[in-house]
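# Reading the structure
Here is how the chains run, residue by residue.
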Amino acid sequence: MGGHESDFVQEAFDTNWVAPLGPNVNGFEKDLTEYVGIKSAGALASGTAAIHLALILLGIKEEDEVICQSFTFSASANPICYQKATPIFVDSELDTWNIDPELLEQVIKNRIEKGKKPKAMIVVHLYGMPAKMDQIIGISNKYNIPIIEDAAEALGSYINNRKCGSFGKLSVLSFNGNKIITTSGGGAILSNETELIEKARFLATQARDEAPHYQHSAIGYNYRMSNILAGIGRGQMKVLDERINRRREIHQLYFNELGKTWLEVSNNTGVPKIINNSTTNIYFLKEPENYFSNRWLTTIIIDSKECDGVSREDIRLELERNNIESRPLWKPMHLQPVFKNFPHYSNKVSDWLFEKGLCLPSGSNMEKASQKRVIEIIKSVIK
Ligand SMILES: *Cc1c(COP(=O)(O)O)cnc(C)c1O
């Protein structure tokens, strides 16, 4: 917490706004729209709820197809199944690790040939790195398929000064405990189309018609953020830029200490292959030109060359022996048992990232001495 959260929460208690809605909800929504640079925001109970409502607002229903980035957290895809629609998983490219625009267009053509045009596409900015939105928006316009932008990990990231969360027809943020700012649990749905957000708020509060009694002409949800948690959110907004600076500083220290090598990969042969050399065999994902990542998590690729053979797991297990938690990159959705029967279009990139990638401890409250310890342990393994 940054210090201002308890003021807003106290105010809610003092004014007895311990209710689902109230001034903190309105204030937090306003803060979000101003920060992201978008017309309208609805504060919700979670990012997952926001994705679910986005699908409902786009009319996604049984037998519809929805394209979804395969390399992501399962919460991007689960709501497609809540609607009994079919997720179509699409692999990533190597510059941002997000959905591959060329493959995306091939997939759309292929699905249309098979007789069904996808109804929406869920694009993710994984680990805070913005996806290739220029190209993706071009494809979205060309085929008239709306974008649901999953910016859950990318609050504060941008391309050319345009913030993540402002690219989709509908966009999604998360304030879960592990995200760059948190309300302990929460999310938001954003759009430049104010009517869509008004409809989201309506659906998120049990779809109550205007009437003195309780009357409903649609199925509703209990998805709204409470006034107490929105108070935490308002306080967190005051330290968001600080948090981003800190995460980027952490990334920079790892980069400087672990070989200073950006990942350069060719994918000409159908299997990604690193084409440059790192003295440590550790590689970092570079921001493409005009891209700014909040560096939510520092991620590394460990390429065990034949001779010394240090793998991702060697590093992860040595950290674990020292009571330090690190994690492989997200396991792609097309490799998940629960999604195995849905169509997927692979170019092997996300499989490769999952095999070689590791998320390092990156919390903004991590002290420098702790980070140095992590670095020393990693260095001891790669030597
Ligand atoms: C965290 C996350 C979500 C879901 O957000 P919740 O608030 O935890 O429901 C969705 N997509 C991605 C990529 C996430 O990292």
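One can find the structure itself at the top, above this paragraph.
All figures in this text were calculated on a predicted structure; none of them were measured in a lab.

## Here's the deal with unusual backbone geometry
Even without being glycine, Asn 161 reaches a positive phi, approximately 70°. Following the sequence through the fold, Asn 161 ends up in the loop between β6 (158–159) and β7 (162–163). Its identity is not glycine, yet Ser 184 carries a phi of approximately 75°, on the positive side. If you trace the backbone, Ser 184 turns up in the loop between β8 (170–174) and β9 (187–191).

## So, the nonpolar core
Counting residues in each nonpolar core, the largest one holds 44 residues, and the members touching the most others are Trp 97, Tyr 127, Leu 155, Leu 173, Phe 175 and Ile 301. Per-element accounting of this core gives the leading share, five residues, to helix α2 (residues 23–36). Here this core spans two domains, since at least three of its residues come from each of domain 1 (5–239) and domain 2 (242–382). Once you skip the residues sitting within four places of it in the chain, Ile 301 turns out to touch Trp 97, Leu 263, Ile 274, Asn 281, Ile 282, Tyr 283, Leu 329, Trp 352, Leu 353, Lys 356 and Gly 357. Counting 32 residues, the second-largest nonpolar core is a separate cluster that includes Ala 49, Ile 80, Val 172 and Phe 339.

## What to know about the site of the ligand
Surrounding the ligand, one finds 15 residues, the nearest of these being Thr 48, Asp 150, Glu 153, Ser 174 and Lys 179. With respect to the ligand, the side chain of Asp 150 contributes an N or O atom lying 2.7 Å from a nitrogen atom. Separating an oxygen atom of the ligand from a side-chain N or O atom of Lys 179 is a distance of 3.4 Å. Split into classes, the residues belonging to the shell around the ligand amount to four nonpolar, eight polar and three charged.

Scoring rules and cut-offs
Residues numbered from 1 in each chain as written. Predicted model: local features only at pLDDT ≥ 70, side-chain atom pairs only at ≥ 80, totals over all residues. Heavy atoms only, no water. Helix = DSSP H or I, 4+ residues; strand = E, 2+ residues; numbered from the N terminus. Core = buried A, V, L, I, M, F, W, Y, C linked by side-chain atoms within 4.5 Å. Buried < 20%, exposed > 50% of the residue type's maximum accessible area, 1.4 Å probe, protein only. Domains from an automatic or database assignment. Contact = heavy atoms within 4.5 Å. Near = heavy atom within 4 Å. Polar contact = N/O pair within 3.5 Å; in protein donor to acceptor, adjacent residues only side chain to side chain. Nonpolar A, V, L, I, M, F, W, Y, C, P; charged D, E, K, R; others polar.

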